[in-house]
Amino acid sequence: MLAEVTEKVQPPRALSVPWPLGFPLGAPGDGALQRQVLRVLLSLLSRTDVPVLERFSV
Amino acid sequence: MPKIDELPLWLRAVLLAYPWRRIEPVPVARLRKPLAQSRAALVTTAGLVPAGARAFDPHVRGGDTSFRVIAADADLAQIADHHRSNSFDHSGIAKDRNLALPLDRLRELSTEGIIGELAPRHLSFMGSITAPGRLIRDTAPQAATLLEEDGVDVALLVPV
């Protein structure tokens, strides 16, 4: 997802990731990184100050 | 998150002129139970199709708004990428379907007790839907109903 599009659509909770389109969970075969992305994503569920656009930093 | 200026000029022009929809006020759903007791489902827009299921149709004007159901115990190696778009790099998903449908990772998080359990069914759409009327009217509500029937507490959308 593109940052500009996410800002326009304003989904309730979104995680911005620092990788190209086609790589939303990071690197192929890197289970630890993929799991970390999901854990940060899941942490957004406790946020109610929507819209939330959190940035994932490696 | 990728920036729009990283895309080809023609695509930038399309995306900047496109009438993006938004829901106002922004809806907020709260967790009904602790995450460790919640049932989670994945929804990808990567156009993934499980073995034996109908492929997405790349020729539907405005985009194919249908979705495919992927079982929680599906073998990711048997799931094919049918996304019609050339606007993203497919090579990562070709090597590891978890990039767009992290079922293996969700199973691990369930084993670790981070989430309660996986939903029995997960969903795959093909993005690049430029005319979303049928999606909004028909298939998105169908998808939501399916997830409700499965008792899903948490749905994670993985756009590509």
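Residues numbered from 1 in each chain as written. Chains lettered and ligands numbered in written order. Predicted model: local features only at pLDDT ≥ 70, side-chain atom pairs only at ≥ 80, totals over all residues.

Draft legend 1. Structural detail: the overall build of chain B. Counting secondary structure elements, chain B contains four helices and seven strands. Element order for chain B, N to C, with α for helix and β for strand: α-β-β-β-β-α-α-β-β-α-β. For chain B, whose C-alpha radius of gyration is 16 Å, the value lies close to the compact-globule estimate of 15 Å for 160 residues. Taken along the three principal axes of its C-alpha coordinates, chain B extends 45 × 40 × 30 Å. When each of the 160 residues of chain B is scored for burial, the buried share is 33%. For chain B, restricting intrachain contacts to residue pairs at least 6 apart in sequence, the fraction spanning at least 24 positions comes to 79%. (Helix = DSSP H or I, 4+ residues; strand = E, 2+ residues; numbered from the N terminus. Rg over C-alpha atoms; globule rule 2.2 N^0.38 Å. Buried ≥ 20, exposed ≤ 12 C-beta atoms within 10 Å, placed from the backbone. Contact = placed C-beta atoms within 7 Å.)

Draft legend 2. Region of interest: the overall build of chain A. A count of helices and strands for chain A gives two helices and two strands. Listing every helix and strand of chain A by position from the N terminus yields α-β-α-β. Based on the C-alpha atoms only, the size of chain A along its principal axes is roughly 35 × 25 × 15 Å. In chain A, which comprises 58 residues, the share counted as buried stands at 29%.

Draft legend 3. Geometry of the interface of chain B and chain A. Listed by partner, the interface residues are 35 residues for chain B and 31 residues for chain A. Contributions of two or more residues to the side of chain B that touches chain A are made by helix H2 (91–95), helix H3 (103–111) and strand E7 (154–158) of chain B. A breakdown of the residues in the side of chain B that touches chain A according to their chemical character gives 22 nonpolar, four polar and nine charged. (Nonpolar A, V, L, I, M, F, W, Y, C, P; charged D, E, K, R; others polar.)

Draft legend 4. Broad picture of the pairing of strand E2 (residues 52–55) of chain A. All names here are of chain A. By the bridge criterion, four bridges tie strand E1 (residues 13–16) to E2 in an arrangement that is parallel. Note that in E2 the partner of Arg13 across the bridge is Val52. Between E1 and its parallel partner E2, the chain crosses via helix H2 (residues 31–43), and the hand of that crossover is left-handed. (Pairing = 2+ DSSP bridges. Right-handed = clockwise from strand over helix to strand, strands pointing away.)

Draft legend 5. Structural detail: the confidence of the model for chain A. Counting all residues, the mean pLDDT for chain A is 94, and 100% of those residues have values of 70 or more. Within chain A, the lowest mean pLDDT, 89, falls on helix H1 (residues 3–9) of chain A, and the highest, 98, falls on H2(A). (pLDDT = per-residue confidence, 0-100.)

Draft legend 6. Examining the nonpolar core more closely. The biggest cluster of nonpolar side chains holds 41 residues, and the ones touching the most others in it are Ala40(B), Ala41(B), Leu42(B), Leu48(B), Ala100(B), Leu101(B) and Leu156(B). The contacts of Ala40(B), once residues within four sequence positions are left out, are Leu106(B), Ile115(B), Leu118(B), Ala119(B), Val154(B) and Leu156(B). (Core = buried A, V, L, I, M, F, W, Y, C linked by C-beta atoms within 7 Å.)

Draft legend 7. The arrangement of the packing of H2(A) against H3(B) in detail. For the pair H2(A) and H3(B), the least separation of the axes is 10 Å and the interaxial angle reads 70 degrees. Of the possible angle classes, the one that applies to H2(A) and H3(B) is roughly perpendicular. On H3(B), the residues that touch Gly31(A), Gln34(A), Arg35(A) and Leu38(A) of H2(A) are Arg105(B), Glu108(B) and Leu109(B). Looking at side-chain class alone, the contact of H2(A) with H3(B) contains two nonpolar, two polar and three charged residues. (Axes fitted to C-alpha atoms, helices over the stretch in contact; angles between N-to-C directions. Parallel < 35°, antiparallel > 145°, perpendicular 65-115°, else oblique.)

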